[in-house]
Amino acid sequence: MITLAQGTILNNKQMCELFLCSPQGGMRKSNKTNTLVLITNHLDSVYNDVWEDDILHYTGMGQLGNQSLEFAQNKTLANIENNGVQVHYFEVLKEHEYTYIGEMLKAGEPYIAQQLDVSNQWRQVYIFPLRLKQGGLPVEMINHHESDKLSALKRLSDKRLVAKIQQQTLEFKQANKITVKTPRYRRSMELVEYVKRQAQGYCDLCEQPAPFANKDQQPYLECHHVIWLSQNGADSLDNIVALCPNCHRKMHIVQDENDIKKLTAIARNRQHLLDTNF
């Protein structure tokens, strides 16, 4: 039985040597170790894997056209409660680095969803609900994961970033929550990056430049949901704006109606421009 500490980072060669699996693909079965390695590559992937309420919704194998539940490792993953295969999950947030998330168990039956394939055509995919064997992700790991994912998203082109956002519209109609020690909302990092790009370094409310640059020398702005997530606001482009820290705090304390109207118009206009231009 293979065991790894959560958060362990391996390169591709180390992972292959440990699991005796193929060096390629997002689902790597090894008959020698009776394991199935699952990988989500946030830097370059056609798939849209998401966490929701501590459940990983993992997209099956097959990049072009409709997927089949009887195909290769889709069949393996669908039957892990009976076939004895140990499932290990990694995420790629930096080039050549595979971060170990943990051993996964089946959390429900696979279901059908719609995603874009490698040729940018809508197709039928199978989504596998999985959960961590050891329970929920520690808060520290979630914070580190989100920080690394934002860094990875900054390297995407506008076209690729928009494609990921459009893919998420079927799955992010409402904010996803992930349960750790206390409930917290799971937000789309792609939307955060896109809104900040559109703001171009200026606060959407006071219209002044960001007050300082972050450690990456980028204008520091914070994303704000005009209708709060706790009030059932959507984690969608037409409900998110970029604010300086001062205006962000103001929106949470004052909630001025005129400010809300202004920010709502800005967010909706960005959604309209996206719908029109892409």
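Remember, predicted model here, so these are calculated numbers, not experimental data.

A word on the overall build of the protein
Check the secondary structure of the protein and you find eight helices and 13 strands. Within the protein, the proportion of its 278 residues that are buried is 47%. The long-range share in the protein, meaning contacts at least 24 apart out of those at least 6 apart in sequence, stands at 64%. When the accessible surface of the protein is split by element, carbon and sulfur atoms take 49% of a total near 14200 Å².

Digging into unusual backbone geometry
In terms of backbone geometry, most residues other than glycine have negative phi values and most peptide bonds are trans. For Leu20, which is not glycine, the phi dihedral falls at a positive 55 degrees. Relative accessible area serves as the criterion here: at 44%, Leu20 is assigned to the partly exposed category. Backbone geometry places His96, a non-glycine residue, at a positive phi of 70 degrees. One can find His96 in the loop between β6 (86-94) and β7 (97-106).

Digging into the confidence of the model for the protein
Summarising the model, the protein shows a mean pLDDT of 85, and 86% of its residues fall at 70 or more. Contacts from residues 171-185, a stretch scored under 50 in pLDDT, to residues over four places away or in other chains number 43 contacts.

Side note on the pattern of salt bridges
All chains considered together, the criterion is met by nine salt bridges. Note that Asp204 is salt-bridged to Arg270, the shortest N-O span being 2.7 Å. Separated by 66 residues along the polypeptide, Asp204 in the loop between α6 (189-199) and β12 (222-225) and Arg270 in helix α8 (residues 257-277) bring together distant segments of the chain. Asp204 gets classed as buried once you look at its relative accessible area, which sits at 8%. Classification of Arg270 by relative accessible area gives buried; the value is 9%. Here the salt bridges do not stand alone but share partners, grouping Glu81, Lys106 and Glu109 into one network.

A few points about the pairing of β7
With eight of 10 residues buried, β7 lies mostly within the body of the structure. Of the strand pairs in this sheet, strand β1 (residues 9-10) and β7 are connected by two bridges, and their pairing is antiparallel. Along β7, the bridge assignment pairs Ile9 with Thr99. Pairing geometry for β6 and β7, over seven bridges, is antiparallel. If you follow Lys94 over to β7, its bridge partner there is Glu97. Turn length for the β6-β7 hairpin, with the two strands adjacent in sequence and antiparallel, is two residues, and the turn residue His96 shows positive phi of about 70 degrees. Here three bridges tie β7 to strand β9 (residues 122-132), and the two strands are oriented antiparallel to one another. By the bridge assignment for β9, Leu105 is matched with Arg131.

Considering the environment of Met189
Relative to the elements of secondary structure, Met189 occurs in helix α6. Separated by 36 residues in sequence, Met189 and Leu153 have C-alpha atoms that sit 7.8 Å apart.

Cut-offs used in this document
Residues numbered from 1 in each chain as written. Predicted model: local features only at pLDDT ≥ 70, side-chain atom pairs only at ≥ 80, totals over all residues. Heavy atoms only, no water. Helix = DSSP H or I, 4+ residues; strand = E, 2+ residues; numbered from the N terminus. Buried < 20%, exposed > 50% of the residue type's maximum accessible area, 1.4 Å probe, protein only. Contact = heavy atoms within 4.5 Å. Areas by Shrake-Rupley, 256 points an atom, 1.4 Å probe, with all protein chains shown as cover. pLDDT = per-residue confidence, 0-100. Salt bridge = Lys/Arg side-chain N within 4 Å of Asp/Glu carboxyl O. Pairing = 2+ DSSP bridges.

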